[in-house]
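Next come the chains, spelled out residue by residue.
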There are 2 protein chains.
Amino acid sequence: MSKRPINFGAGPSALPESVLNEALGGILDFKGTGIGVAEVSHRSKEFVSLLADLENNIRTQLDVPPTHKILFTQGGGTGQFSAVVLNMLARHRLLHPTLPDEQRVMDYVITGSWSKKAMDEANRLGGASVHIAADARTKSKDSKSTDGIPAHEDFDFSADPVLIHYCENETVDGVQFSNDEQSPTSFPFHLLPAGGLWPLVADYSSSFMSRKIPRLADHAVIFAGAQKNIGPSGLTILIVRQDCIVDVDAAAKLGAASVPISMAYKPIADAGSLYNTPSTLAIYIASLVLERSKKLGGIEYYEPVNRRKAQKVYAALKEGEEKGVYCGKVREGSQSWMNVVFDVLGDNADAKFVAGAEALGMVALKGHRSVGGIRISLYNAISEEDTDKVVSYMKDFVAQNSSA
Amino acid sequence: MSKRPINFGAGPSALPESVLNEALGGILDFKGTGIGVAEVSHRSKEFVSLLADLENNIRTQLDVPPTHKILFTQGGGTGQFSAVVLNMLARHRLLHPTLPDEQRVMDYVITGSWSKKAMDEANRLGGASVHIAADARTKSKDSKSTDGIPAHEDFDFSADPVLIHYCENETVDGVQFSNDEQSPTSFPFHLLPAGGLWPLVADYSSSFMSRKIPRLADHAVIFAGAQKNIGPSGLTILIVRQDCIVDVDAAAKLGAASVPISMAYKPIADAGSLYNTPSTLAIYIASLVLERSKKLGGIEYYEPVNRRKAQKVYAALKEGEEKGVYCGKVREGSQSWMNVVFDVLGDNADAKFVAGAEALGMVALKGHRSVGGIRISLYNAISEEDTDKVVSYMKDFVAQNSSA
């Protein structure tokens, strides 16, 4: 048994201890080269084969169809907030070369602070107007606070937009779309106009590889930073439908904004994600995480485990709410499997909760600095046993602190 | 004594074995947190303090004045080829709001394939015309081949350019500016117009921290990927004069191109390089490399060592040239301390040289795929003893292969 603290941090976050131990070998001697993985050329046959294995592991475990390429880059979600806009604007320009910019629209679905940030970047970059296709902000347009996925009837997609952006899981707000298409809190794929090839962009940063991606094949771009479920920070994964890998320079000649070369999808795709030097060490550790995941059974293994983990924590939260100790922030049906956010009621009670957990070896439970409270992140590296420990603590805390 | 191969690769490249061993500890348990460095929040006090130490190590060892900020980002040199153009265009716009774009000029000094790539990106991005301030391409404008730094009299700087870009060390071509300001192959600082605050941009990717940076304080931006002298790939270091950290959104309102937020220097600077999640593992290892470097004596230690290493290899190359076995590619005075490039004369002789070296435990000596031949990279992690081994091999190879 390990004496490691259980790390419920929101990212960069826990990695499987067995992967860390395995990584030590490769950091000293990568694939028998005698040289560490951080020291070999990214163009060496050993590294190129590692990258191919990583891609294959993502493709098979997520069932990514051949219509979509898997790309690796740097810069995280923030980088993609810009890159996806620029690439999709270029695509729209090539499809509609003479359309005035005022008639180009980018649809954003606002369910929390990350989708809001993505929209802010679209507004910064310009080239099309921004339309809020749905808005979960409850208090005011300025508020960062959301408590769930908007009702399907409140979605209003534009005709032929440049892109339709949503954040599948809001790490700060703890709000996630349901993965059950029949649920009223699922993403309303059925409301998209008929015809397919939608410019649908999903930020999967904090739920990537934690469960199946509903309607994956219908997405234009799915992006995710590695640093939640599958690896260290510094690696960004893209799943891009091939019609969205466009010649941005041809689009620029038609009037689209220039795209920094490292953000253009086509050079990355053409070079097998080796247009420039990638973050080799992060890629290596992600590859170990996904090899381990494959051995466990891939998404088929993780999805039910992650469902149970979330159910247990939300059940404990509900008990605590009934006893007047906790106050959840997210409506049922919109509650994230990955990030459980709530307040502990009472003066300084959040800090007391965090301190008590730390004394028991459970760390990084503080909510995001913008919203406070508690956040329990339940990424893949958090086992069911780890979850049981925090659930047990949540219950004990209620028993000790409820006035009932 | 280690049995590790000596890794003469051009990057990602050798790291000190002691650093790799030390890193193993932090990958399991970072600063006594019980959690690995790849697992802790980039906003944790432990990581923030690591970042501050890294900055301080760069600042003190390179003697970076308080006029300049040190920033950390992702995306490498390729990312900066775009970022530096966009930020400097914004600065120029704020300085000269009404100047037509046709009258804005970006000066590029072409000394090899990386400066050429940087210029290509400036041409792609537009917003100003590109002026070649000096050109070392010997055969034709299309050739990637250069054999040295242009003569000072061939430099022709624009008046008030947006930027003046040069690549201090050309990793592929093995061409480097002299660090002796009196040398005819130094960067011609004396030809810059009087007045100072030049928009001077230097790509130090493959020579950063290997020796002092001449006239560092006169630079607007110095950038470098970590993966040559100081760490794994995934980390990019910027030294930016504070007048070049501008409000790119204010510039965009005046007509400058929008800058993707992750490429804008000001948000990075304002957030202490934590605007978004950085490449934490790469930062950690770089911090260990620079701690080790500090203990050795910093640049004061490395500069003479690196000079001697280069002198020894170039002396062996010259001997081989005199015996008709080798053919150097770079003129004396322009020869890189970091990357020694040459051909081995005769059919398949490059491959024979590489294979013979590999049999002796010296690897990654093949020249860049675009130019072929041999490349011996002598970054900081290559010791003088390692260098002596390759020099000895170079001499033995000559003895065995010269017809004389």
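Residues numbered from 1 in each chain as written. Chains lettered and ligands numbered in written order. Predicted model: local features only at pLDDT ≥ 70, side-chain atom pairs only at ≥ 80, totals over all residues. Heavy atoms only, no water.

A few points about the domain arrangement of chain A
Residues and elements named next belong to chain A. By domain assignment, chain A separates into domain 1 (27–294) and domain 2 (298–401). Measuring from the centre of the C-alpha atoms in domain 1 to the corresponding centre in domain 2 gives 28 Å. Taken together, the contact pairs 29 residues of domain 1 with 24 residues of domain 2. Put simply, domain 1 and domain 2 have one salt bridge between them. The salt bridge involving Arg 331 is made with Asp 147; its shortest N-O contact spans 3.4 Å. For the pair domain 1 and domain 2, the interface holds 17 residue pairs in polar contact (both at pLDDT 80 or more). In terms of residues, the side of domain 1 that touches domain 2 owes the most to one element, helix 7 (residues 280–296), which gives three residues. Split by residue class, the side of domain 1 that touches domain 2 holds five nonpolar, 15 polar and nine charged. (Domains from an automatic or database assignment. Contact = heavy atoms within 4.5 Å. Salt bridge = Lys/Arg side-chain N within 4 Å of Asp/Glu carboxyl O. Polar contact = N/O pair within 3.5 Å; in protein donor to acceptor, adjacent residues only side chain to side chain. Helix = DSSP H or I, 4+ residues; strand = E, 2+ residues; numbered from the N terminus. Nonpolar A, V, L, I, M, F, W, Y, C, P; charged D, E, K, R; others polar.)

Here's the deal with the relation of the copies chain B and chain A
Overlaying chain B with chain A gives an RMSD of 0.0 Å, the required rotation being 180° about an axis along which the chain moves by 0.0 Å. Expressed as an axis order, the relation between the two copies is that of a two-fold axis. Interface overlap between copies is the fraction of interface residues in one copy that are interface residues in the other; for chain B against chain A it reaches 100%, indicating a shared surface. (Least-squares fit on C-alpha atoms with pLDDT ≥ 70 in both.)

Overview of the environment of Gln 176 of chain B
Residues and elements named next belong to chain B. With respect to the helices and strands, Gln 176 occurs in strand 7 (residues 175–176). Using a relative accessible area of 1% as the deciding quantity, one classes Gln 176 as buried. Residues Gln 176 and Gln 335 lie 159 residues apart in sequence; the distance between their C-alpha atoms is 5.8 Å. Contacts of Gln 176, omitting those with residues within four sequence positions, involve Ile 149, Glu 168, Asn 169, Ser 207, Arg 211, Gly 333, Ser 334, Gln 335, Ser 336, Trp 337 and Met 338. (Buried < 20%, exposed > 50% of the residue type's maximum accessible area, 1.4 Å probe, protein only.)

Focus: the interface of chain B and chain A
Facing the 55 residues of chain B at the interface are 55 residues of chain A. With both sides pooled, the region where chain B packs onto chain A buries about 4400 Å², and carbon together with sulfur makes up 56% of that total. In terms of surface lost to chain A, no three residues of chain B exceed Pro 12, Glu 39 and Arg 124 of chain B, which account for 15% of the buried area on that side. Put simply, chain B and chain A have four salt bridges between them. When the shortest N-O distance is used, the salt bridge between Asp 249 of chain B and Arg 124 of chain A registers 2.8 Å. The interface formed by chain B and chain A contains 24 residue pairs in polar contact (both at pLDDT 80 or more). Those elements that place two or more of their residues in the side of chain B that touches chain A are helix 1 (17–28), helix 3 (76–95), helix 4 (113–125), helix 5 (248–253) and helix 7 (280–296) of chain B. A total of five residues in the side of chain B that touches chain A trace back to one element, the largest contributor, which is helix 1 of chain B. Grouping the amino acids of the side of chain B that touches chain A by side-chain chemistry returns 24 nonpolar, 23 polar and eight charged. (Buried area = accessible area lost by both parts, 1.4 Å probe.)

A look at unusual backbone geometry
Negative phi values dominate among residues other than glycine, just as trans dominates among peptide bonds. All names here are of chain A. Cis geometry is found at the peptide bond from Gly 11 to Pro 12, where omega equals -10°. Within the secondary structure, Pro 12 sits in the loop between strand 1 (6–7) and helix 1 (17–28). Of note, the phi angle at Lys 31 is positive, near 50°, even though the residue is not glycine. Here Lys 31 is to be found in the loop between helix 1 and helix 2 (45–62). In this structure, Ala 364 takes a positive phi of about 65° despite not being glycine. Take Ala 364: it is sitting in the loop between strand 13 (362–363) and strand 14 (374–377).

Focus: empty space enclosed by the protein
All told, the structure shown has seven cavities of 30 Å³ or more when counted by the stated rule. As a volume, the largest cavity reaches approximately 410 Å³. Gln 74, Gly 75 and Ser 262 of chain A together with Gln 74 and Gly 75 of chain B are the residues nearest the centre of the largest cavity, which is lined by 32 residues in total. Among the elements of the structure, strand 2 (68–73), helix 3 (76–95) and helix 6 (265–270) of chain A together with strand 2 (68–73) and helix 3 of chain B are those that each provide at least two residues to the lining of the largest cavity. When its residues are assigned to classes, the lining of the largest cavity shows 14 nonpolar, 18 polar and no charged. (1 Å grid on protein atoms, 1.4 Å probe; cavity = no way out; pocket = protein on both sides within 12 Å on 5 of 7 lines; lining within 4 Å. Points joined across faces, edges and corners; volume = space filled by probe spheres on them.)

Considering the pattern of salt bridges
Residue and element names in this part refer to chain B. Applying the stated rule across the entire model yields 46 salt bridges over all chains. With a closest N to O distance of 3.5 Å, Arg 59 and Glu 55 form a salt bridge. One end of the pair, Arg 59, and the other, Glu 55, are both in helix 2 (residues 45–62), four residues apart, so they sit about a helical turn from each other. Judged by relative accessible area, Glu 55 falls into the partly exposed class, the value being 26%. In this structure, Asp 243 engages Arg 91 in a salt bridge whose closest nitrogen and oxygen atoms are separated by 2.8 Å.

With respect to the sheet that holds strand 5 (residues 163–167) of chain B
Residues and elements named next belong to chain B. Strand order in the open sheet made by the seven strands is 2-10-9-8-5-3-4, with mixed pairing throughout. Two strands lie at the open edges of the sheet, namely strand 2 and strand 4 (129–135), each paired on one side alone. If you compare each strand with its neighbour and ignore which way they point, the axes differ by 20° on average. Contacts from helix 3 reach strand 2, strand 3 (105–110), strand 5, strand 8 (200–203), strand 9 (221–225) and strand 10 (236–241) within the one sheet, and its direction differs from that of strand 9 by about 160°. (Pairing = 2+ DSSP bridges. Axes fitted to C-alpha atoms, helices over the stretch in contact; angles between N-to-C directions.)

Re the packing of helix 9 (residues 349–359) of chain A against helix 10 (residues 384–401) of chain A
Residue and element names in this part refer to chain A. Contact pair helix 9 / helix 10: the axes reach a minimum separation of 11 Å and the direction vectors enclose 130°. Viewed along their axes, helix 9 and helix 10 adopt a mutual orientation that is oblique. As helix 9 runs across helix 10, the sense of the crossing is right-handed. Contact residues: Ala 349, Lys 352, Phe 353, Gly 356 and Ala 357 in helix 9; Tyr 393, Met 394, Phe 397 and Asn 401 in helix 10. (Parallel < 35°, antiparallel > 145°, perpendicular 65-115°, else oblique. Left-handed = near helix turned anticlockwise from the far one by under 90°.)

A closer look at the packing of aromatic side chains
Here the structure, examined in full by the defined rule, presents 36 aromatic pairs over all chains. Arranged with centres 5.8 Å apart and planes meeting at 40°, the rings of Phe 155 of chain A and Phe 157 of chain A form a pair that is tilted. Site record: aromatic cluster; members linked through ring pairs are Phe 155, Phe 157, Tyr 166, Phe 177, Phe 187 and Phe 189 of chain A. The ring of Tyr 275 of chain B is capped by Lys 117 of chain A, whose NZ or CZ atom sits 4.9 Å from the centre of that ring. (Phe/Tyr/Trp six-rings, centres within 6.5 Å; stacked < 30°, edge-to-face > 60°. Lys NZ or Arg CZ within 6 Å of the ring centre and 35° of its normal.)

Here we look at the side chain of His 92 of chain B
Residues and elements named next belong to chain B. Tracing the backbone shows His 92 in helix 3. His 92 gets classed as buried once you look at its relative accessible area, which sits at 2%. At 3.1 Å, the side chain of His 92 forms a polar contact with the side chain of Arg 104.

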